[in-house]
Amino acid sequence: MITIIQITLKGIFRDRVFQGIMALAVLFLFIPSAASLSMRQVTELSITLSLSLISFILLLLAVFLGSTSLWKDMERRYTFSVLSLPVSRTSYLLGRFFGLALFLLMTSALLGTVAGLVIKVASGIYPPGRPIVWSYLLLAVIFATLKYILLVAAAMLLSTVSTSFFLPVFGTICTFLASGITQQVYEFVHSPASANTISPFLKTVATGVYYILPNLSGFDLKVNAIYSIPPSGYGLGLTLFYFISYTAMLLGGAALLFARREMK
Amino acid sequence: MLALDIQNLGKIFKGKKRQIVDALQGVSLTVPEGEVFGFLGPNGAGKSTTIKCLMGLIRPTTGSANIMGVAAGTEASKRHVGYLPENPAFYDYLSAEEYLSFVGRTFQMQESLLQRRREEALKLLELWDARKRPIRGYSKGMVQRVGLAQVLIHDPSVYILDEPMSGLDPIGRALVKEIILDLKKRGKCVFFSTHITDDVEKVCDRVGILLHGQLKLVERVDTIMTQGIVGYQIRIRNSDGKSVDHQVTKDMLDGFIAGQVASGNEVVLVEPRRKNLEDLFLALVHNGAGSSS
Ligand SMILES: Nc1ncnc2c1ncn2[C@@H]1O[C@H](COP(=O)(O)OP(=O)(O)OP(=O)(O)O)[C@@H](O)[C@H]1O
Ligand SMILES: [Mg+2]
């Protein structure tokens, strides 16, 4: 499995798509000047923009790398040569996943450092209203990364059943978009106001979808980082637990499906 | 021990829109250790399908197979095998050298041994100069050579090669034959598919002919070659000193010669005409096509 992780990382670093996406990181340079346009709350705005940019880059990486890594291997017939080596399909799949996860961690470490510098500069020039708590910022970046690692697992699950990359790519994007709003939808259908307007069937469906789709709202610590509000330790623990069990479930499903898949 | 033990292997592909392809039906075959076995069949006969079942890439619909006594497709069975896929593709962002190292590591080879074998294999297959370039930039024949190198590097006891000579130049083909003969000398089992009868004649101990997913014939190559005498070419010099060639069937030979001698002609040459593997193969394919239509 270690060898698969190694070649996965090598593959990403030598990939054009990766290089293109990382070019987006250049945008960091514009954050201080963009933020200073607002005149007020420059530091807060710098933090917001930095975290958003990190999220966006990680999202692109997670969607494209997560959905294409298995698909590409099958499409380009690498699976024939790799899966006939003494590597079980499960360790191949997990090797791929951990390779991508490690890569996302490395990327966010790098981007996080750059963001830290940018924010430091901004706060030096325009002192913020509330002092920046760097550990909250770190937590925000870490949990954002975990969120996208979970998304990679979802993308891999989808690519084990699909023969094209459309399902994984768009499925992952839809999962991401939907998971951002499930909390609101859930709260809405269960609110007394909706009782008359929504049929019980729809309510059941919405509730089912709510429990199946990942709930990613807990991973968002942006507000805490921006306004230096301490996050709840209990909440973080719960999110971490949710991350581990949900990812494990996705990977377990993916491994089962992938083991049954025919390499034609 | 049996290197390969295939029992009643069958495969039905189910495509979209209820399309069904009965690619392989009840193939049973055993290959002992140390034997070179040629798996001959026309396009679409089911050779690759058989091999993919052996490697666990697809699940057979019926039957089973063992490799060195271990169920095919398991991680343990794959440890015994060097497999060359047909039209192989390897991670093209790696160089030949990196890819071979990757393969060696999955077989848990010692790093020093791996380096030595890697160098040997790259030199043997004439990839040494290109070893640091990514496979992306290799020609088709060079990729095939990488495929052969990755088969040799971990020195397995069973070699399963799907059309090892395809895409190679004449020198490359000759090299592959040499490699196979060398493996045979070292007591390895080589099972390879091909549609070229000549390759089989030159290197194989036994041949199996697959047709429409059925194994039609399994025979020793030398038996086919000796049994295959179908007639003789006889050159006669008559009293004028002119030479004439005659084609004579096997059972007419004695009578023909006696008759010529009696009429005062001289028999200059008697050469057996063999029905070679190619003829046999073509005859089988023809009959097969005739009976199925
Ligand atoms: N994935 C698949 N889906 C449907 N049918 C398939 C599939 N793969 C192979 N077949 C069919 O199975 C049969 C055997 O194919 P196979 O690839 O084993 O032939 P082959 O003997 O290797 O031929 P070739 O010499 O051309 O490589 C063919 O009729 C082919 O159309
Ligand atoms: Mg084939």
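Not measured: the values here are computed from a predicted model.

S.K.: When you look at the coordination of the magnesium ion (ligand 2) in this model, what are you seeing that I'm missing?
M.R.: Coordination angles at a metal have ideal targets, namely 109.5 degrees for four tetrahedral donors and 90 or 180 degrees for six octahedral donors. Residue and element names in this part refer to chain B. Around the magnesium ion (ligand 2), the donor atoms from the protein are S48 (OG) and E86 (OE), and they sit 1.9 to 2.5 Å away. Within this pair, whereas S48 is found in helix α1 (residues 47-54), its partner E86 is found in the loop between β6 (81-84) and α3 (96-106), the two being separated by 38 residues in sequence. Assessed through its relative accessible area of 13%, S48 is described here as buried.

S.K.: I'm lost on the sheet that holds β6(B) in this one. Help?
M.R.: Across a sheet, strands are paired by hydrogen bonds formed along the backbone, either parallel or antiparallel in direction. Residues and elements named next belong to chain B. The strand order across the open sheet formed by six strands is β6-β7-β8-β3-β9-β10, and the pairing between neighbours is mixed. In this open sheet, the two strands that pair with only one neighbour each are β6 and β10 (214-220). Going from strand to strand, the sheet's axes swing by 15° on average, the running direction of each strand aside. Here strand β7 (residues 158-162) pairs with strand β8 (residues 189-194) via five bridges, running parallel. Directly across from D162, in β8, lies its bridge partner S193.

S.K.: When you look at the packing of aromatic side chains in this model, what are you seeing that I'm missing?
M.R.: Aromatic ring pairs: the centre-centre distance and the angle between the two ring planes describe each pair. For the structure shown, the criterion picks out 17 aromatic pairs over all chains. On the numbers, 5.2 Å between centres and 70° between planes, the contact of A:F97 with A:F98 is edge-to-face. Since its relative accessible area comes to 3%, A:F97 is described here as buried. Taken together, the aromatic side chains of A:Y78, B:F90, B:Y91, B:Y93, B:Y99 and B:F102 make up a single cluster linked through ring pairs.

S.K.: I tried to follow the nonpolar core on my own but got confused; where do I start?
M.R.: Nonpolar side chains tend toward joint burial in soluble globular proteins. All names here are of chain B. Of all hydrophobic cores here, the largest spans 152 residues; its most connected members are Y91, Y99, I160 and F191. Apart from the residues lying within four places of it in its own chain, the contact partners of F191 are L4, L29, V31, F37, F39, I51, L54, Y159, I160 and L161. Of all hydrophobic cores here, the second largest spans six residues; its members include I234, I236, V248 and L253.

S.K.: Sorry if this is basic, but what is going on with the packing of helix α5 (residues 140-152) of chain B against helix α6 (residues 170-185) of chain B here?
M.R.: Axes are the key here: two packed helices are described by the angle between their axes and the distance separating the axes. All names here are of chain B. Taken N-terminus to C-terminus, the directions of α5 and α6 make an angle of 10°; their axes are 12 Å apart at the nearest point. In terms of orientation, α5 lies roughly parallel with respect to α6. For the pair α5 and α6, the contacting residues are R145, L148 and L152 in the first and G172, L175, V176, I179 and L183 in the second.

The rules we used
Residues numbered from 1 in each chain as written. Chains lettered and ligands numbered in written order. Predicted model: local features only at pLDDT ≥ 70, side-chain atom pairs only at ≥ 80, totals over all residues. Heavy atoms only, no water. Donors = N, O, S within 2.8 Å, 3.2 Å for Na, K, Ca; no water. Helix = DSSP H or I, 4+ residues; strand = E, 2+ residues; numbered from the N terminus. Buried < 20%, exposed > 50% of the residue type's maximum accessible area, 1.4 Å probe, protein only. Pairing = 2+ DSSP bridges. Axes fitted to C-alpha atoms, helices over the stretch in contact; angles between N-to-C directions. Phe/Tyr/Trp six-rings, centres within 6.5 Å; stacked < 30°, edge-to-face > 60°. Core = buried A, V, L, I, M, F, W, Y, C linked by side-chain atoms within 4.5 Å. Contact = heavy atoms within 4.5 Å. Parallel < 35°, antiparallel > 145°, perpendicular 65-115°, else oblique.

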